[in-house]
Amino acid sequence: QWPAAVLHDLITRAQYAMAKKDVRIYLNGMHWSASGGTLSMAATDGHRMAVGSIGCAAEEAFEVIIPCAAIPEIVKALSGQESCRLTVSANKIMLETDDLTLMIVALSGRYPDVSKVIPDPAAAMTVTANTSVFREALNQALIVAGEMRNPSIQIEIIDLTTMRIEAVSERGDTGAFEVPVVSGGELLACFNPVYLWDAIENIEAEEVKLLFGNNGDPNAALTVMDLGSTSKNILMPLRCGARANVG
């Protein structure tokens, strides 16, 4: 028996990061693995990644890739259920609830070792912000960036207390939005605002924690921590020199 609500929550928090039409077939789905009393989930399209885990009592360790097309059906099947049962074979997954049974054919291929991509928290620069305030500032930056083909925002940490988010539109209009933060250092880095929005959109905790890898190295990955769950969202940075000048 698996807790359906917890499973549902993990899947919905991670599904945004799945690839949909990647030539690397194994990325077009969500990776599930169970071992040592833990069920881990991961999704990535090569630019961003979402991971999460729950305790489990799986009789045997398993590793499987759920096709992206099957994820909405699993979410629908788990909605409103108290528990579910999972049976995993070499290339098939059976999900059973009190109302229905889903048979899913797994994707073939070897999923990348996501543990090698997740930055070490001990070697990261930590920035904490109010989730709602950060989300609103990022939303304003997205409005400025509009429908740019390759949107980019610049994030600067000033005096350890202020995050300045700057965006530039396709016409050259600029916008800057400030967020009060508690930071372990100063920083100047660039990210895709759409990917960052996807990472924070469903965070319900009052505060969000941002871990900038390698003690704030602008070329290192950013981990967005959901303090209300086990979910982690990892984004690769953009080259700030590749974006239009702001300000």
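What comes next is a walk through the structure. (Residues numbered from 1 in each chain as written. Predicted model: local features only at pLDDT ≥ 70, side-chain atom pairs only at ≥ 80, totals over all residues. Heavy atoms only, no water.)

1. Here's the deal with the overall build of the protein
- Helices and strands together make up the secondary structure of the protein, namely five helices and 16 strands.
- In terms of overall size, the protein behaves like a compact globule, its C-alpha atoms giving a radius of gyration of 19 Å where 247 residues would be expected to give roughly 18 Å.
- Considered along the principal axes of its C-alpha atoms, the protein spans approximately 55 × 35 × 30 Å.
- Relative to its full complement of 247 residues, the protein shows a buried share of 49%.
- Taking the contacts inside the protein whose residues are at least 6 apart along the sequence as the reference set, 64% of them involve residues at least 24 apart.
- Each charge sign in the protein was given a centre, from 18 positive and 29 negative side chains, and these centres are 7 Å apart. (Helix = DSSP H or I, 4+ residues; strand = E, 2+ residues; numbered from the N terminus. Rg over C-alpha atoms; globule rule 2.2 N^0.38 Å. Buried < 20%, exposed > 50% of the residue type's maximum accessible area, 1.4 Å probe, protein only. Contact = heavy atoms within 4.5 Å. Lys, Arg positive; Asp, Glu negative; His and termini not counted. Charge placed at Lys NZ, Arg CZ, Asp CG, Glu CD.)

2. Topic: the nonpolar core
- Core analysis: the largest hydrophobic core is formed by 68 residues, its most contacted members being Ile-11, Trp-32, Leu-39, Ile-74, Phe-134, Met-163 and Val-224.
- The leading source of residues in this core is helix H3 (residues 131-145), at six residues.
- Excluding residues within four positions of it along the chain, Phe-134 makes contact with Ala-129, Met-163, Ile-165, Val-179, Leu-196, Ile-200, Val-208 and Leu-210.
- Counting residues in each nonpolar core, the second largest holds ten residues, with Ala-19, Met-49, Ile-65 and Ala-221 among its members. (Core = buried A, V, L, I, M, F, W, Y, C linked by side-chain atoms within 4.5 Å.)

3. Details of empty space enclosed by the protein
- If you walk through the whole model with that rule in mind, you get one cavity of 30 Å³ or more.
- Empty space within the largest cavity amounts to approximately 60 Å³.
- Here the residues of the lining of the largest cavity sort into three nonpolar, three polar and three charged. (1 Å grid on protein atoms, 1.4 Å probe; cavity = no way out; pocket = protein on both sides within 12 Å on 5 of 7 lines; lining within 4 Å. Points joined across faces, edges and corners; volume = space filled by probe spheres on them. Nonpolar A, V, L, I, M, F, W, Y, C, P; charged D, E, K, R; others polar.)

4. Considerations on the pattern of salt bridges
- Evaluated as defined, the whole model comprises nine salt bridges.
- Here Asp-9 and Arg-13 are joined by a salt bridge, their closest N and O atoms 2.9 Å apart. In this pair, Asp-9 and Arg-13 both sit in helix H1 (residues 4-14), four residues apart, roughly one turn of the helix.
- Owing to a relative accessible area of 29%, Asp-9 belongs among the partly exposed residues under this scheme. (Salt bridge = Lys/Arg side-chain N within 4 Å of Asp/Glu carboxyl O.)

5. Notes on the packing of H1 against helix H2 (residues 71-78)
- The N-to-C vectors of H1 and H2 enclose an angle of 150°; their axes lie 9 Å apart at closest approach. On the basis of the axis angle, H1 is roughly antiparallel to H2. Regarding H1 and H2, the two cross each other, and that crossing is left-handed. Facing Ala-4, Leu-7, His-8, Ile-11 and Thr-12 of H1, the residues of H2 in contact are Ile-71, Ile-74, Val-75 and Leu-78.
- When the residues that make up the contact of H1 with H2 are grouped by side-chain class, the tally is seven nonpolar, two polar and no charged. (Axes fitted to C-alpha atoms, helices over the stretch in contact; angles between N-to-C directions. Parallel < 35°, antiparallel > 145°, perpendicular 65-115°, else oblique. Left-handed = near helix turned anticlockwise from the far one by under 90°.)

6. What to know about the sheet that holds strand E8 (residues 101-105)
- Judged by pairing direction, the sheet is antiparallel, and its four strands sit side by side in the order E1-E6-E7-E8 without closing on themselves. With partners counted over all chains shown, the strands left at the sheet margins are strand E1 (2-3) and E8, one partner each.
- Pairing of E1 with strand E6 (residues 83-88) involves two bridges; the strand directions are antiparallel. The partner of Trp-2 across the bridge, within E6, is Cys-84.
- Across the face of the sheet, H2 comes into contact with E6, strand E7 (92-96) and E8 while running at roughly 160° to E8. (Pairing = 2+ DSSP bridges.)

7. Quick notes on the sheet that holds strand E3 (residues 38-44)
- Strand order in the open sheet formed by twelve strands is E5-E2-E3-E4-E16-E15-E14-E9-E12-E11-E10-E13, with antiparallel pairing between adjacent strands. Only two strands of the sheet have a single partner each, and these edge strands are strand E5 (62-67) and strand E13 (187-191). For this sheet, the mean angle separating the axes of adjacent strands, direction not counted, is 25°.
- Across six bridges, strand E2 (residues 29-35) lies against E5 in antiparallel orientation. When the bridges of E5 are listed, Gly-29 appears paired with Pro-67.
- Sitting on the sheet, H3 is in contact with strand E9 (125-130), strand E10 (153-158), strand E11 (162-168), strand E12 (174-183) and strand E14 (207-212), with an inclination near 160° to E12.

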